[in-house]
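Breakdown of the fold
What follows is each chain in one-letter form.
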Amino acid sequence: MRQSQLFTKTRKEVPSDETSKNAQLLIRAGFIHKEMAGVYDYLPLGLRVINKIKKIVNDEMINLGSQEMLMSSLQSKELWEKTDRWDDKNVDVWFKSQLKSGGEIGFGWSHEEPITSMLASHISSYTDLPKFVHQFQNKFRNEVRAKAGIMRCREFIMKDMYSYSIDEKNHIDFYDKATEAYLNVFKKVGLSDLTYVTSASGGVFTDKFSHEFQTLCEAGEDNIYVHKKEKLALNEEIFNEETLGKLNVKKEDFELKKAAEVGNIFTFGTEKCEQLGLYYKDENGNKKGVYLGSYGIGITRLMGVLAEVFGDDKGLVWPKEVAPFEVHLVRLGVNEETISHADKLYEKLNGEGIEVLYDDRNLRPGEKFADSDLIGIPVRFVVSDKTVSENKIEVKMRTESESKLLSETEALNIIK
Ligand code: ATP
Ligand code: MG
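In this report, we go over the structure that sits alongside the text. Just so it is clear, the model here is predicted, and its values are computed rather than measured.

Now for the pattern of salt bridges. Evaluation of the coordinates by the stated rule reveals 32 salt bridges. When the shortest N-O distance is used, the salt bridge between K55 and D59 registers 2.7 Å. Here D59 and K55 lie together in helix α2 (residues 44-63), a separation of four residues that amounts to about one turn. Among the salt bridges present, the one from D312 reaches R398, with a minimum N-O distance of 2.7 Å. Note that D312 is positioned in the loop between α8 (299-310) and β17 (327-331) and R398 in the loop between β20 (393-397) and β21 (404-406), a separation of 86 residues in sequence. One salt-bridge network, held together by shared partners, links R85, E112, E113 and K272.

Given below as structure tokens:
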């Protein structure tokens with residue numbers, strides 16, 4: 001893509017009410033636009049990042065045997081009443097609206113109820129199980145506080161997966177595999193070292209257990225106790241004598257740290273399926289309840305965490321797996337030969353299937369470098385009068401301060 005064609009512009013100022021680092025950087029670099037508190041638009045550069053994250057997540061879900069689909073955002077009150085989750089007293093994030101023809105509807109904040117009810121038309125026998133389904137969907141939540149940029153929104157993209165298993169053992173087997181798949185996702189986006197699996201029950205499997213995936217991040221809204229030497233972290237609410245004793249660890253070995261919940265997985269047992277009329281018949285024709293698991297990843301929150309964790313004083317710093325482009329080709333100088341060299345390199349990179357953002361604008365070098373740092377593409381190629389005369393390309397990694405003069409072949413090898 002030619003940067004001269006990109007409709008978004010970088011900017012120095014951000015909305016005065018925008019206090020979070022992630023949104024400040026993402027707005028300045030033109031990745032997102034703020035509609036209002038907790039509501040953002042994803043512009044071309046931002047959407048490319050989202051799509052990369054989705055692809056990583058989707059591949060892992062497909063690998064688990066899940067099938068992608070897309071449920072509606074508008075939801076039926078009657079369905080949520082069956083499980084007693086319609087009342088604002090039980091779920092405090094509902095957005096609801098009135099139908100002109102009478103009656104109320106909800107805007108989906110989660111999808112266990114509609115998906116379970118939908119699957120009741122498709123699952124009836126033990127031979128139909130297990131089934132795993134997932135979607136990428138805009139969720140709506142009436143959050144009281146929305147000051148963390150794209151990390152806490154009133155409308156945000158979630159990947160939600162649901163598992164329907166025949167019994168508890170099969171459910172737990174899948175739940176464990178899903179946990180591994182989640183860890184793969186966080187590894188692929190470069191957050192492996194910073195991400196911990198925590199549990200609300202201290203590792204004890206109760207009927208309804210859950211685990212959180214917490215990434216250490218100053219802007220996170222959760223506090224977790226992190227073991228100083230081992231890869232172990234505990235939620236605040238279970239950091240007590242009993243849990244420490246069970247795990248045979250000492251209080252002094254932990255420190256309290258800020259973290260952002262990037263994923264959350266739950267077991268619902270068979271109760272929800274029973275409430276919504278999803279049963280199966282076993283080999284002997286007996287009616288049985290289905291075990292439900294629910295697995296969420298905050299796609300846009302994850303993008304915000306990446307901006308927070310890796311961003312520096314110059315701008316965004318994307319890990320290559322999720323960067324909007326692989327290379328930022330920056331052309332300096334306006335003489336014919338330099339332009340033609342840069343154009344040719346751009347065509348060549350495109351031809352090799354390398355994703356490149358080509359800064360073909362006639363701006364001062366200082367401005368172009370500042371924009372390039374702000375946008376945060378991992379590798380920068382500079383083509384200038386000087387590099388052309390030496391038949392080299394100046395190559396700089398976003399995470400390093402020094403650049404190198406390389407031949408075209410050497411430069412291409414860096415990307416491959
Ligand atoms: P939190 O405690 O942060 O409100 P939650 O427990 O309500 O999260 P879930 O209902 O489990 O979250 O949703 C699954 C995932 O969706 C979360 O792990 C998080 O990554 C993401 N998420 C939840 N609420 C928001 C939000 N308001 N904005 C952006 N992402 C969110
Ligand atoms: Mg919440």
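Attention shifts here to the environment of G293. Within the element layout of this structure, G293 appears in strand β16 (residues 291-298). Owing to a relative accessible area of 0%, G293 belongs among the buried residues under this scheme. For the pair G293 and R48, spaced 245 residues apart in the sequence, the C-alpha separation amounts to 30 Å. Excluding residues that lie within four positions of it along the chain, G293 makes contacts with M161, Y162, S163, H171 and F266.

Before going further, it helps to spend a moment on the site of ligand 1. Of all residues adjacent to ligand 1, which total 14 residues, the nearest are R141, E143, R152, C153 and E261. At 2.5 Å, a side-chain N or O of E261 approaches an oxygen atom of ligand 1. Here an oxygen atom of ligand 1 and a side-chain polar atom of R301 are 2.9 Å apart. Compared with its free state, where it exposes 590 Å², ligand 1 has 84% of that area covered by protein. Those elements that place two or more of their residues in the shell around ligand 1 are β8 (155-165) and β13 (254-269). It is β13 that provides the largest number of residues to the shell around ligand 1, a total of five residues.

Taken as a whole and assessed by the stated rule, the structure comprises 17 aromatic pairs. A centroid spacing of 6.0 Å and a plane angle of 50 degrees characterise the contact between Y175 and Y295, whose relative ring orientation is tilted. Of this pair, Y175 sits in helix α5 (residues 168-188) while Y295 sits in strand β16, and the two are 120 residues apart along the sequence. The buried category is assigned to Y175, whose relative accessible area is 1%. You can call Y295 buried: its relative accessible area is 1%. Where F239 meets F254, the ring centres are 5.3 Å apart and the plane angle is 70 degrees; that geometry is what we call edge-to-face. With F239 in the loop between β12 (233-235) and α6 (241-247) and F254 in strand β13, this residue pair connects regions lying 15 residues apart in the sequence. Taking the relative accessible area as the measure of exposure, F239 reaches 14% and is therefore buried. Taking the relative accessible area as the measure of exposure, F254 reaches 7% and is therefore buried. Grouping aromatic residues by their ring pairs yields a cluster made of F132, F174, Y175, F209 and Y295. Looking at K231, its charged tip hangs above the ring of Y196, at a distance of 4.9 Å from the centre. Note that K287 overlies the ring of Y279, its terminal NZ or CZ placed 4.2 Å from the centroid.

Below, the discussion takes up the pairing of β16. Counting buried positions over the eight residues of β16 gives eight, a clear majority of the element. Alternating residues of β16 divide into Y291, G293, Y295 and I297 and L292, S294, G296 and G298, and every residue in both groups is buried. Alignment of β8 against β16, held across eight bridges, turns out to be antiparallel. Bridge assignment links S165 to a residue of β16, and that residue is Y291. Bridge count between β13 and β16: six bridges; the pairing is antiparallel. Bridged to F266 within β16 is S294.

Further remarks concern the nonpolar core. In summary, soluble globular proteins display a tendency toward joint burial of nonpolar side chains. In terms of nonpolar packing, the biggest core is built from 59 residues, with L26, F31, I53, M303 and W318 touching the most fellow members. Two domains each donate at least three residues to this core, and these are domain 1 (21-310) and domain 2 (327-415). When residues no more than four places from it in sequence are discounted, the contact partners of L26 are F31, I32, I150, M303, A307, L316 and W318. By size, the runner-up hydrophobic cluster in this structure holds 19 residues, among which are V356, I393, L406 and I415.

On to the sheet that holds strand β6 (residues 104-107), then. The three strands lie next to each other as β4-β6-β5, forming an open sheet whose pairing is antiparallel. Looking at strand neighbours, the two that pair on one side only are β4 (74-76) and β5 (95-98), the edges of this open sheet. When the angles between neighbouring strand axes are averaged without regard to direction, this sheet yields 40 degrees. Bridge analysis of β4 against β6 gives three bridges, and the strand direction is antiparallel. Residue pairing for β6: S76 is matched across the bridge by I105.

The end-to-end C-alpha distance of α5 is 30 Å, a good match for the 30 Å that 21 residues give at a rise of 1.5 Å each. Residues H171, F174, Y175, A178, T179, A181, Y182, V185 and F186 constitute the buried set of α5. Directly after α5, the chain includes G190, whose backbone phi takes a positive value near 90 degrees.

On to α2. The end-to-end C-alpha distance of α2, which contains 20 residues, comes to 28 Å, matching closely the 28 Å that a straight helix rising 1.5 Å per residue would cover. L45, G46, V49, I50, K52, I53, I56, V57, N58, E60 and M61 are the residues of α2 that are buried. Backbone geometry just downstream of α2 places G65 in the positive-phi region, at approximately 95 degrees.

Calculation rules
Residues numbered from 1 in each chain as written. Chains lettered and ligands numbered in written order. Predicted model: local features only at pLDDT ≥ 70, side-chain atom pairs only at ≥ 80, totals over all residues. Heavy atoms only, no water. Salt bridge = Lys/Arg side-chain N within 4 Å of Asp/Glu carboxyl O. Helix = DSSP H or I, 4+ residues; strand = E, 2+ residues; numbered from the N terminus. Buried < 20%, exposed > 50% of the residue type's maximum accessible area, 1.4 Å probe, protein only. Contact = heavy atoms within 4.5 Å. Near = heavy atom within 4 Å. Polar contact = N/O pair within 3.5 Å; in protein donor to acceptor, adjacent residues only side chain to side chain. Areas by Shrake-Rupley, 256 points an atom, 1.4 Å probe, with all protein chains shown as cover. Phe/Tyr/Trp six-rings, centres within 6.5 Å; stacked < 30°, edge-to-face > 60°. Lys NZ or Arg CZ within 6 Å of the ring centre and 35° of its normal. Pairing = 2+ DSSP bridges. Core = buried A, V, L, I, M, F, W, Y, C linked by side-chain atoms within 4.5 Å. Domains from an automatic or database assignment. Axes fitted to C-alpha atoms, helices over the stretch in contact; angles between N-to-C directions. Expected span 1.5 Å × (residues − 1).

By themselves these figures say nothing about function.
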